[in-house]
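# Report on the structure
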Amino acid sequence: GQLKPGYNVQIGTENQFIVGFSIHQNRTDTGCLIPHLEHFQKMSGRKPKNIIADAGYGSEENYEYIESKQIEAYVKYNEFYREQKRKFKKNPLNAKNWKYDEKADEFICCRGKHLKYIFTRQRKSDLGYISQRRVYECEDCSNCPLKSKCTRSIGNRRMEVGLRLNMLKEKATQNLLSDKGKKLRSQRAIEVETAFGMIKHNWSFRRFMLRGIDKVKTEWGLLSIAHNLAKLATN
């Protein structure tokens, strides 16, 4: 008897007008970004100059796609805010603060232990994108006084590293922390959440009346037109 969401609505806005939307049956936002952008380009015949999105869209696949389309990305990833805090940067048990020996291809933890490369694991997304994660394992954690705080594993600590993902995250961080990035990030909530707030809260639309993805697209399309007309009338 529990009501569960059946559709994931994605919208793109400019000056708080809805310029594109797409409907998905995907539980997460991560896998919706690329189909949404492709649908927008197909319908409008153009691509956006900048993309500003929250951490739900920050993935290696999405960063690669945006870069291939030569679009400026201001898309956060799930640990973006945490990484900016002093506590994160000063934590000696945080693997991102460990020294990396590029020649030996190994990490050195805060206790001087070496984590050596052992194998590469591949991941495949729902859209078919294949990413690689290099797995490193500590040489010996048995006598380390910090082991209980460092890992829950019975054996030695392991860690996965996405070299390409880290490069893309670094570029994303530079964009997000730039003056332009800070300005665009501050506008994102006003931009897109205003449209959702108008439809869901002000108009009390919290449930689709129709069934089937094609009918739902029509229903949301009419709501988008109504929102834009209402927005135009108040300008």
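Please refer to the structure higher up on the page.
Each value, and the rule that gives it
- Per chain, residues are indexed from 1 in the order of the written sequence.
- Where totals are concerned, whole chains, interfaces and linings use all residues; where local detail is concerned, this predicted model gives features only for residues with pLDDT of at least 70, and gives and counts side-chain atom pairs only at 80 or more.
- Derived side-chain values reflect all non-hydrogen atoms in the structure, with water molecules and hydrogen atoms excluded from consideration.
- Here, nonpolar core means buried Ala, Val, Leu, Ile, Met, Phe, Trp, Tyr and Cys residues that are tied together by side-chain atoms lying within 4.5 Å of each other.
- Burial classification: accessible surface area is computed with a 1.4 Å probe over protein chains only, and a residue below 20% of its type maximum counts as buried, one above 50% as exposed, and the rest as partly exposed.
- Helix numbers and strand numbers start at the N terminus; a helix is a DSSP run of H or I with at least 4 residues, a strand a run of E with at least 2.
- The contact definition used throughout considers only heavy atoms, calling two residues in contact when any of these lie within 4.5 Å.
- Strand pairing is assigned whenever DSSP identifies at least 2 bridges connecting the two strands.
- Throughout, an axis means a line fitted to C-alpha atoms (over the contacting stretch in the case of helices), and angles, computed between N-to-C directions, take values from 0 to 180 degrees.
- Points on a 1 Å grid, built from protein atoms alone, make a cavity when a 1.4 Å probe fits but cannot get out and make a pocket when they are open with protein on both sides within 12 Å along at least 5 of 7 lines; residues with an atom within 4 Å of a point are the lining residues.
- Grid points are joined across faces, edges and corners, and a volume is the space filled by probe spheres set on the points.
- Under the grouping applied here, Gly and all other residues not named as nonpolar or charged are polar, the nonpolar ones being Ala, Val, Leu, Ile, Met, Phe, Trp, Tyr, Cys and Pro and the charged ones Asp, Glu, Lys and Arg.
- In this scheme Phe, Tyr and Trp rings, the latter by its six-membered ring, pair at centre separations within 6.5 Å, and the angle between planes marks the pair as stacked below 30 degrees, edge-to-face above 60, and tilted otherwise.
- Either the NZ atom of lysine or the CZ atom of arginine qualifies as a charge over a ring when it sits within 6 Å of the ring centre and within 35 degrees of the ring normal.
- Working rule for angles: under 35 degrees goes down as roughly parallel, over 145 as roughly antiparallel, 65 to 115 as roughly perpendicular, anything else as oblique.

By size, the foremost hydrophobic cluster in this structure holds 19 residues, and its most contacted members are L33, L37, I51, Y57, Y63, I66 and V75. Going through the elements one at a time, α1 (33-44), β3 (50-53), α2 (60-68), β4 (72-75) and α6 (163-177) are the ones with two or more residues in this core. Once you skip the residues sitting within four places of it in the chain, V75 turns out to touch I51, A53, D54, Y57, G58, Y63, I66, A172 and L176. If you look at the next biggest cluster of nonpolar residues, it comprises 13 residues, including I11, A195, F208 and V216.

This next bit is on the sheet that holds strand β6 (residues 106-108). The sheet built from five strands is open, its strands ordered β5-β6-β7-β8-β9 with antiparallel pairing. Where the open sheet ends on each side, the last strands, each with one partner, are β5 (99-101) and β9 (158-161). Ignoring which end each strand starts from, the neighbouring axes of this sheet average 35° apart. In terms of strand pairing, β6 meets strand β7 (residues 114-124) through three bridges, oriented antiparallel. When the sheet's bridge partners are listed, E106 is paired in β7 with K116.

Overall, the coordinates contain two cavities of 30 Å³ or more when judged by the stated rule. When its volume is computed, the largest cavity comes out at roughly 100 Å³. Around the largest cavity, the lining is made up of 16 residues, and of these C109, C138, C141, C144 and C150 lie nearest the centre. Of the residues that constitute the lining of the largest cavity, the class distribution is ten nonpolar, one polar and five charged. As a volume, the second largest cavity reaches approximately 30 Å³. As for the second largest cavity, its lining consists of L37, Q41, K47, P48, Y65, K69 and I71. Split into classes, the residues belonging to the lining of the second largest cavity amount to four nonpolar, one polar and two charged.

With that settled, the discussion passes to unusual backbone geometry. The backbone of Q70 shows a phi angle near 55°, a positive value even though the residue is not glycine. With respect to the secondary-structure elements, Q70 resides in the loop between α2 and β4. Residue classification places Q70 among the exposed residues on the basis of a relative accessible area of 71%. Even without a glycine there, the phi angle at S204 is positive, about 55°.

Among the secondary structure elements, Y57 is positioned in the loop between β3 and α2. Distance from Y57 to K90, taken between C-alpha atoms, is 27 Å for residues 33 residues apart in sequence. In contact with Y57, not counting residues within four places along its chain, are Q10, D29, T30, L33, N62, V75 and K76.

Those residues of α2 that sit buried are E60, E61, N62, Y63, Y65 and I66. On its buried side, α2 packs onto α1, β3, β4, β8 (130-138) and α6. Positive backbone phi, at 55°, marks Q70, one or two positions downstream of α2.

Before going further, it helps to examine the packing of aromatic side chains. In total, this model carries ten aromatic pairs according to the counting rule given. Seen from their ring centres, Y77 and F80 are 5.9 Å apart, and the 80° between their planes marks the pair as edge-to-face. For the ring pair F208 and W220, a centre distance of 6.2 Å and an interplane angle of 70° mean the geometry is edge-to-face. In this pair, F208 sits in the loop between α7 (179-202) and α8 (213-234) while W220 sits in helix α8, placing the two residues twelve residues apart along the sequence. Note on F208: relative accessible area 18%, which makes it buried. Judged by relative accessible area, W220 falls into the buried class, the value being 3%. Of note, R134 hangs over the ring of Y117, and the distance from its end group to the ring centre comes to 3.9 Å.

This part covers the packing of α1 against α2. Put simply, α1 and α2 touch, their axes get as near as 10 Å, and they point 25° apart. Relative to α2, the element α1 lies roughly parallel. Counting all contacts with α1, which are made through L33, I34, L37 and E38, the residues of α2 involved are E61, N62, Y65 and I66. Broken down by class, the residue content of the contact of α1 with α2 amounts to five nonpolar, one polar and two charged.

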